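Take a look at the letters that make up each chain.
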Amino acid sequence: MTEASRHDRFAEGEEPVASTGSFPEAAAEMANETEVEEERARPAADVAQLEQQLAERTADLQRLQAEYVNYKRRVDRDRELVKQNATYAALAPITEVIDTIDRAREHGEVEGGFKAVADQLERILAGVGLVKFGAVGDPFDPTIHEALSHIGEDPDVSVTTCKVIAKAGYRIGDRVVRAAQVLVVDPVADTGAARDGAPAEPSEVAEPTEPAEPTEARAADGVQDNHD
């Protein structure tokens, strides 16, 4: 068909017939459809991946937070230990001064200005955590008491007991700065009826048995009987 005849047909109002698409155009259209399907499936995969990454980051954050809390506790504990060690080193020698003040107070020599100084010193030491312990009648505890001597038995005690306090003990918190030096008494060994004043029951004594006759005497008796 010539160009003139085609032009005449268009002029008469005849619709042009669309030409059949070529193979490259069909392939391109199929590729576009595939990309559209992939675009639709991609958001679900992206959401799952993002959720996994969020869970991993959350776990990392929780682990870091736990490590920080443990580190802070360890630092606080070490700081408190350093403080206690410094206080211990500073107050340990002062306990000897307190001993001197206690002995002077027992003899009535803590009076006037010296008494004010002694009272102030004791208040300051108590304020920094130095606690005095050790009293007559306390049960003996080897972790806080140092037994200088045993001075016998005492019927009024049921366990080894501090009877005399030679030097008071001091501690800071649960840490013993100096053990109390004491003289102790032990309970009476026999804690039964004898301690209560009741006489002890005599033990059973076997009744004496008659001595056996000598063999020779028995033989002689037998001979006499025969003669009779």
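Presented here is an overview of the structure given in this document.

One key point about sheets: their strands pair by backbone hydrogen bonds, in either a parallel or an antiparallel sense. With respect to topology, 3 strands assemble into an open sheet ordered 1-4-5, the strand pairing being antiparallel. Every interior strand has two partners, whereas the edge strands, strand 1 (130-133) and strand 5 (175-178), have only one. Adjacent strand axes in the sheet meet at a mean angle of 35 degrees when their direction is disregarded. Bridge count for strand 1 against strand 4 (residues 169-172) is 4 bridges, and the pairing is antiparallel. Residue Phe133 lies in a different strand from strand 4, and its bridge partner there is Gly169.

This paragraph deals with helix 3 (residues 94-106). Each α-helix turn comprises 3.6 residues. Residues three or four places apart therefore point the same way. The first and last C-alpha atoms of helix 3 sit 19 Å apart over 13 residues, in line with the 18 Å expected at 1.5 Å per residue. All of the buried residues in helix 3 are Thr95, Ile98, Asp99, Ile101, Asp102 and Ala104. Following helix 3 by one or two positions, Gly108 adopts a phi angle in the positive range, close to 70 degrees.

What follows covers the packing of helix 3 against helix 4 (residues 112-127). Close contact between helix 3 and helix 4 brings their axes to 11 Å; oriented N to C, the two are set at 135 degrees. Accordingly, the angle class assigned to the pair helix 3 and helix 4 is oblique. In this structure, helix 3 crosses over helix 4, and the sense of that crossing is left-handed. Residue-level contacts link Ile94, Val97, Ile98, Ile101, Asp102, Ala104 and Arg105 of helix 3 to Phe114, Ala118, Asp119, Leu121, Glu122 and Leu125 of helix 4. Class assignment of the residues belonging to the contact of helix 3 with helix 4 gives a composition of 9 nonpolar, no polar and 4 charged.

Turning next to the side chain of His145. The residue His145 is located in strand 2 (residues 145-154) in this model. Since its relative accessible area comes to 6%, His145 is described here as buried. Apart from residues no more than four positions distant in its own chain, His145 is found in contact with Asp138, Pro139, Phe140, Cys162, Ala179, Ala180 and Val182.

Residues Leu91, Ile98, Ile101, Ala104, Val110, Ala118, Leu125, Leu130, Tyr170, Ile172 and Val177 constitute the largest nonpolar core, which totals 11 residues. Within the residue set of this core, elements represented by two or more residues are helix 3, helix 4 and strand 4. Counting residues per element, this core draws most heavily on helix 3, at 3 residues. Each residue touching Ala118, except ones within four places of it in the same chain, is listed here: Ile101, Arg105 and Val110. Core analysis: the second largest hydrophobic core is formed by 6 residues, Cys162, Ala180, Val182 and Val184 among them.

Counted under the stated rule, the structure contains 13 salt bridges. A salt bridge links Arg105 to Asp102; the nearest nitrogen and oxygen atoms lie 3.3 Å apart. Residue Arg105 and its partner Asp102 are both found in helix 3; the two are separated by 3 residues, about one turn of the helix. Looking at Arg105, the relative accessible area reads 36%, which means it is partly exposed. Here Arg105 makes a salt bridge to Glu122, at a shortest N to O gap of 3.3 Å. Of this pair, Arg105 sits in helix 3 while Glu122 sits in helix 4; the two residues are 17 residues apart in sequence, bridging distant segments of the chain.

Attention now moves to the sheet that holds strand 2. Strand order in the open sheet formed by 3 strands is 2-6-3, and the pairing between neighbours is mixed. Edge positions in the sheet fall to strand 2 and strand 3 (161-167), since each has one partner strand and no second. Strand-to-strand, the axes of this sheet are offset by a mean angle of 25 degrees, without reference to chain direction. Pairing of strand 3 with strand 6 (residues 180-187), which is carried by 5 bridges, proceeds in the antiparallel orientation. Paired with Thr161 across the two strands is Val185, which belongs to strand 6.

Cut-offs used in this document
Residues numbered from 1 in each chain as written. Predicted model: local features only at pLDDT ≥ 70, side-chain atom pairs only at ≥ 80, totals over all residues. Heavy atoms only, no water. Pairing = 2+ DSSP bridges. Helix = DSSP H or I, 4+ residues; strand = E, 2+ residues; numbered from the N terminus. Axes fitted to C-alpha atoms, helices over the stretch in contact; angles between N-to-C directions. Expected span 1.5 Å × (residues − 1). Buried < 20%, exposed > 50% of the residue type's maximum accessible area, 1.4 Å probe, protein only. Parallel < 35°, antiparallel > 145°, perpendicular 65-115°, else oblique. Left-handed = near helix turned anticlockwise from the far one by under 90°. Contact = heavy atoms within 4.5 Å. Nonpolar A, V, L, I, M, F, W, Y, C, P; charged D, E, K, R; others polar. Core = buried A, V, L, I, M, F, W, Y, C linked by side-chain atoms within 4.5 Å. Salt bridge = Lys/Arg side-chain N within 4 Å of Asp/Glu carboxyl O.

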